[in-house]
Amino acid sequence: RRRLWQRVAKPRDGVVSRLLNRKVSGALTRLIAPLPVRPNHVTAFNLLLAGCAAALMATGHLLTGALAAQLYSIVDGVDGELARLKNQGSWFGAWLDNLTDRICDWMIITGAALSVATGQGSTPLAWILLAIALISNVAYRSGMDSLLVSGSLRASAEGEDMLARAEKWFREREMVFGITHDVYLFLLALGVAIGFPLATLALLIVLETGWWLAKSVQARRALPSVTYAEYLQARKLEKFNESRKQIAQLAAH
């Protein structure tokens, strides 16, 4: 069971996921694995959980809403772990997980902004920040996906500049350095919990924009890399060869 679980774990995670979320989500996954629960069921539950977090924030229950948002961030890893553990991964499941992640993020962002609008009347600043935060989140995810598909994101991480060295330090510890999904939700939940939802949204807008610009500049200086499809094919062959080597070692024992 231990060896099987080690193969389920992702090789790299965001900082918050590696240090906090995976410790809890792993326990939840092992708890529900014997039950007739499929990954898509967990994905649908995540959508409901994020909606509850957004509703709590919008109605002024900041601390409870923040805790619910962080709980959603933790449970968000269960569907992927369950899919890998029970070999129930599918193209539709991956697409559904990615779609619900974006919807859940937008709901929580909306709830954080509306917590001020409903508590103090119609606040123009809240609506402005809400619009900018939603646009920024969409643009950031799209921009980072474009860098990933083009291969520039991997090539830039192999450089020798300060940013590449920081990313390498985290990569050696099986973590991803940057504004990942788990880090974004943790910062948002923390800011809402201490009573500064608008300031937190403004900070996240700056962080997303700054990180995207930094990675774009870094990728511009990087050498061309293979496309994402070629990269996945190479990784698939590499994993196959690793499995054959492990099977040979087990047979020898």
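Residues numbered from 1 in each chain as written. Predicted model: local features only at pLDDT ≥ 70, side-chain atom pairs only at ≥ 80, totals over all residues. Heavy atoms only, no water.

A. Geometry of the overall build of the chain. A count of helices and strands for the chain gives 12 helices and two strands. Across the 253 residues that make up the chain, the buried fraction comes to 40%. Accessible surface for the chain amounts to roughly 14,600 Å². Of this, 67% is attributable to carbon and sulfur atoms. (Helix = DSSP H or I, 4+ residues; strand = E, 2+ residues; numbered from the N terminus. Buried < 20%, exposed > 50% of the residue type's maximum accessible area, 1.4 Å probe, protein only. Areas by Shrake-Rupley, 256 points an atom, 1.4 Å probe, with all protein chains shown as cover.)

B. Expanded view of the nonpolar core. Tyr72, Ile108, Ile109, Leu188 and Leu201 are the most contacted members of the largest nonpolar core, which has 39 residues in total. For this core, the elements supplying multiple residues, two or more each, are α3 (39-58), α4 (62-75), α5 (78-85), α6 (91-119), α7 (124-150), α10 (181-193) and α11 (197-221). When residues in this core are grouped by element, the largest group, seven residues, is from α7. (Core = buried A, V, L, I, M, F, W, Y, C linked by side-chain atoms within 4.5 Å.)

C. Region of interest: the packing of aromatic side chains. Summed over all chains, the structure comprises four aromatic pairs. A centroid spacing of 5.0 Å and a plane angle of 80 degrees characterise the contact between Trp169 and Phe170, whose relative ring orientation is edge-to-face. Ring centres of Phe177 and Trp211 lie 5.4 Å apart, and the angle between their planes is 80 degrees; this geometry places the pair in the edge-to-face category. Remark: Trp211 occurs in helix α11 and Phe177 occurs in the loop between β2 (175-176) and α10; sequence separation between them is 34 residues. (Phe/Tyr/Trp six-rings, centres within 6.5 Å; stacked < 30°, edge-to-face > 60°.)

D. View of the packing of α3 against α5. Closest axis-to-axis distance for the α3/α5 pair is 8 Å, and the angle between their directions is 180 degrees. Here α5 runs roughly antiparallel to α3, going by the angle between their axes. Within the contact between the two elements, α3 uses Pro39, Val42, Thr43 and Asn46 and α5 uses Val78, Asp79, Leu82 and Ala83. Class assignment of the residues belonging to the contact of α3 with α5 gives a composition of five nonpolar, two polar and one charged. (Axes fitted to C-alpha atoms, helices over the stretch in contact; angles between N-to-C directions. Parallel < 35°, antiparallel > 145°, perpendicular 65-115°, else oblique. Contact = heavy atoms within 4.5 Å. Nonpolar A, V, L, I, M, F, W, Y, C, P; charged D, E, K, R; others polar.)

E. Region of interest: the packing of α4 against α10. At a minimum axis distance of 8 Å, the contact between α4 and α10 shows a crossing angle of 170 degrees. Judged by the angle between their axes, α4 and α10 are roughly antiparallel. Both α4 and α10 take part in a crossing whose hand is left-handed. Contacts between α4 and α10 pair Leu62, Leu63, Ala66, Ala69, Gln70, Tyr72 and Ser73 from the former with His181, Asp182, Leu185, Phe186, Ala189, Val192 and Ala193 from the latter. (Left-handed = near helix turned anticlockwise from the far one by under 90°.)

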